[in-house]
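Residue strings, one per chain:
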Amino acid sequence: MIDIIIIGGGIVGASMAYELAKYQLNVTLLEKETELSFGVSKSNSGIIHTGFQDDYNSLKGRLAVRGNFLYREISRLLDFPFIPTGELVVAFPGEKESIEEIKENGDRLGIPGIEIVDGEWLNKNEPMLSKEIEYALLGPTAAVINPWEVIYAMAENAISNGVKIYCDNEVHSIAKINNFWRVKTYQAEYESRYVINAAGLSADKISFMAGIKCPIIIPYKGEEFILDRHADRLTKRIVFPVPKKHTKGILIIPTVDGNTMIGPTSNEVTDKEDITTTKKHKDEVLKAAQKLAPSINEDLLIASFAGLRPTTREGDFYIKEEQNGFINIVGIKSPGLTAAPAIAEYVVNILAENTTLPKKKKYNPKRKSMPRFRLLNTKERNTLIKKDTDFGEVICRCELVTKGEIKEAIRRGARTLDGIKFRTRSQMGRCHGAFCTSKIMAIMSEELEIPFDKITKRGQGSELIKRNEL
Amino acid sequence: MNYKKYDLIVIGGGPAGMAAAAGASSSGVKDILILERMPGLGGILNQCIHLGFGLEYFKKEMTGTEYAARYKKIVYDKDIEVKTSCLVHKITPEKNVSFVSRDGEFTVSAKNIIMATGCRERTREMLTVPGTRPSGIFTAGLAQEMVNIYGLMPGHEVVIVGSGDIGLIMARRMTLEGAKVHFVLEILDHLSGLIRNKVQCLDDFKIPLYLEHELMEITGKNRVEAIRYRDNKTGREKVISCDTVLFSVGLIPEQDLLIDSGITTGNGIFLTGNADYVHDLVDNVTKEAEKLGRSIN
């Protein structure tokens, strides 16, 4: 019998798996997509917030502050980049009061180092910002990460500690039988003492399947646009306008990999699969970003994507043990990525109320990052190539990704072109995969022992080619 | 591995790189090295199995692969040093060239550097075409590689966006392999590619070219399901279902090695071929690059 089933392999599910792996528990994670992080999390902006934009009275505010703190240690243990950029909420004329309110809220949350800086400071430290900005609230604890990288790191660590993770495994029914839950997927059947619902956009659906009421998920779409790396880092810090009701606004985000990202929009949609981008919203994002940094222009755009936030009318995170071992984690929108490790800690505390949770005697606290050829110096590169000549064969030249890294990504669980992209950055550069897609497919075909027509972009239905021969 | 200092390093072993090296060699330049990232010379010509090459330079019409084969012989007969499967990732103003190969990462230096790095295709992302991002969206050149090098069939119901030469060539190629190519959309009021390619690749196969037509949206969750496009003359929009969209919307000279290092040409650093500007005919690339090569000393 499984002790705990986690439904959902996004940042919340992965954080749960990582946290629960520390205890003497039999844990299984089920994900409906072909790989982890392919739902809400993959299109996250990657910001680790200070937490000052969320009400000090709210669960999400408290968990964001705690999550921000926890990430520092986790990024060290799990060896993923955590770039402490800091953030600015900028005030145009007439908006100073708003940032003062945010500061007051941040002070109540106990967020360290926040201060209001003036135009002179901004001129010196962020010269690309609009000169019309008079003041800004500086939050030095904000950072950026790659959401998928954190998920893969947590999952790899959890697996090394005995957690089982099954992808392509969509849950279709959940029933309470005596003192356990029976969870059926289209592939298999599981029995478990606890179910943790971390199903993101489908969290309401999963809860209803178990016969449990919870807040309804309303998808809010966000469209984001990435600027070419030729465009020097526009800003060192994440730059926010003064927030609006449902959103933190359209931002400038320096990404982990050196690009600048602008967005996201925020619009309620009805379809939980609507990840279209639109001309209207591109124009909206450009206009809003140009207000913050006037040098941004359309020619710098190299990519766009959209994602959905699992929002609820109630607004705050909904985290609760409902009955008999069913734990709902619902409505985890921003600052969900930031809060995720703290959410996991919070849920473990809920579990500990009713059951004893002895820690594992043999626990592996670490995980080693994928080799990143591009980031190594010549000596390190040559050591790697000497060990395995595949590291001397560059497959993706825009991002300098080698065959060795592609193979390592597959060994670590990549099964799709997007999975390889997220793990290696191949296909993310200037040519958008025009030069490397075929080569990566050839490696996948060989390593996974599958024909080309079984290779997908992101799971069944997204096969790249139609026929294996002409 | 120890490297001497070269008189000339040519980055890229496609038609421009081969010609630049050959030209330099014939004018007496001694120590020449060609660095090529693929396992063999020839560059993009190797996937151009269609006719239309060589009439001007070799006075004989041939395929791209034949053209490459003939020129490779010229290079090898000249005893020019060629290193293949080498990816150059950095050059410096001091003319040090760093590359990665299965033997390791090396830096070599040269009196002169010729960048013959070709060009890359503009993509759907650069146009920020609205809609979804399913599979089935390829640049025409990637589709050409899949068909001609790997023998794979990328799609059955095809729309081509942009009337660049590779798109026109692929309209015919996909048709010959059994795909239905519905039409070619061109946002401009005139053809982008060569007229002969329109005649031989579209007209002969009754594939319509729609001028002043714009791609508005791509739809489909996992695989392309349809596109929406607009006749900009009338403003009327239409939707057509398809499983594949090929983009042939322009080529960009690959000068990123220079841009990334903040280097400009001059002072012994040169650009040639499509890395300099995009040419219509390979014959002209060869002639210009040979001429540049001969001017090196």
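Residues numbered from 1 in each chain as written. Chains lettered and ligands numbered in written order. Predicted model: local features only at pLDDT ≥ 70, side-chain atom pairs only at ≥ 80, totals over all residues.

**A look at the pairing of strand β12 (residues 180-186) of chain B**
Residues and elements named next belong to chain B.
Thinking step 1. Inspection of the sheet shows strand β11 (residues 157-161) paired to β12 by four bridges, in the parallel sense. Residue pairing across strands places E157 opposite K180, the latter belonging to β12.
Thinking step 2. In this region the chain leaves β11, passes through helix α5 (residues 165-176) and returns to the parallel neighbour β12; the handedness of that crossover is right-handed.
Thinking step 3. Judged from the three bridges that link them, β12 and strand β13 (residues 209-211) form a sheet pairing that is parallel. Bridge pairing links E186 to L211 in β13. (Pairing = 2+ DSSP bridges. Helix = DSSP H or I, 4+ residues; strand = E, 2+ residues; numbered from the N terminus. Right-handed = clockwise from strand over helix to strand, strands pointing away.)

**Some details on the domain arrangement of chain B**
Many descriptions give the size of an interface as the accessible area lost when the pieces come together.
Residues and elements named next belong to chain B.
Thinking step 1. Parsing chain B into structural domains produces domain 1 (6-118 + 254-295) and domain 2 (122-250).
Thinking step 2. For domain 1 versus domain 2, the distance between C-alpha centres works out to 30 Å.
Thinking step 3. Across the boundary between the two partners, domain 1 contributes four residues, which contact six residues of domain 2.
Thinking step 4. For the side of domain 1 that touches domain 2, the per-class residue count stands at one nonpolar, two polar and one charged. (Domains from an automatic or database assignment. Contact = placed C-beta atoms within 7 Å. Nonpolar A, V, L, I, M, F, W, Y, C, P; charged D, E, K, R; others polar.)

**Things to note about unusual backbone geometry**
Residue and element names in this part refer to chain A.
Thinking step 1. Note the cis peptide between G263 and P264, where omega equals -5 degrees.
Thinking step 2. The residue P264 is located in the loop between β15 (260-263) and β16 (267-268) in this model.
Thinking step 3. The residue after S334, namely P335, is reached through a cis peptide bond having omega 5 degrees.
Thinking step 4. Note that P335 resides in the loop between β19 (326-330) and α8 (336-354).
Thinking step 5. The phi dihedral of N324 is positive, around 45 degrees, even though this residue is not glycine.
Thinking step 6. By the secondary structure assignment, N324 is in the loop between β18 (318-323) and β19.
Thinking step 7. On the basis of neighbour counts, which here come to 14 C-beta atoms within 10 Å, the residue N324 falls in the partly exposed class.
Thinking step 8. At Q427, a position not held by glycine, the phi torsion is positive, near 70 degrees.
Thinking step 9. You can see Q427 is positioned in the loop between α11 (417-424) and α12 (437-448).
Thinking step 10. On the basis of neighbour count, Q427 is assigned to the buried category, with 24 C-beta atoms found within 10 Å. (Buried ≥ 20, exposed ≤ 12 C-beta atoms within 10 Å, placed from the backbone.)

**Some points on the environment of A:F373**
All names here are of chain A.
Thinking step 1. Looking at the secondary structure, you find F373 in the loop between α8 and α9 (378-387).
Thinking step 2. Linking F373 and L400, residues 27 residues apart in sequence, is a C-alpha distance of 7.0 Å.
Thinking step 3. When neighbours within four sequence positions are excluded, F373 is seen to be in contact with R381, F391, L400, V401, T402 and E405.

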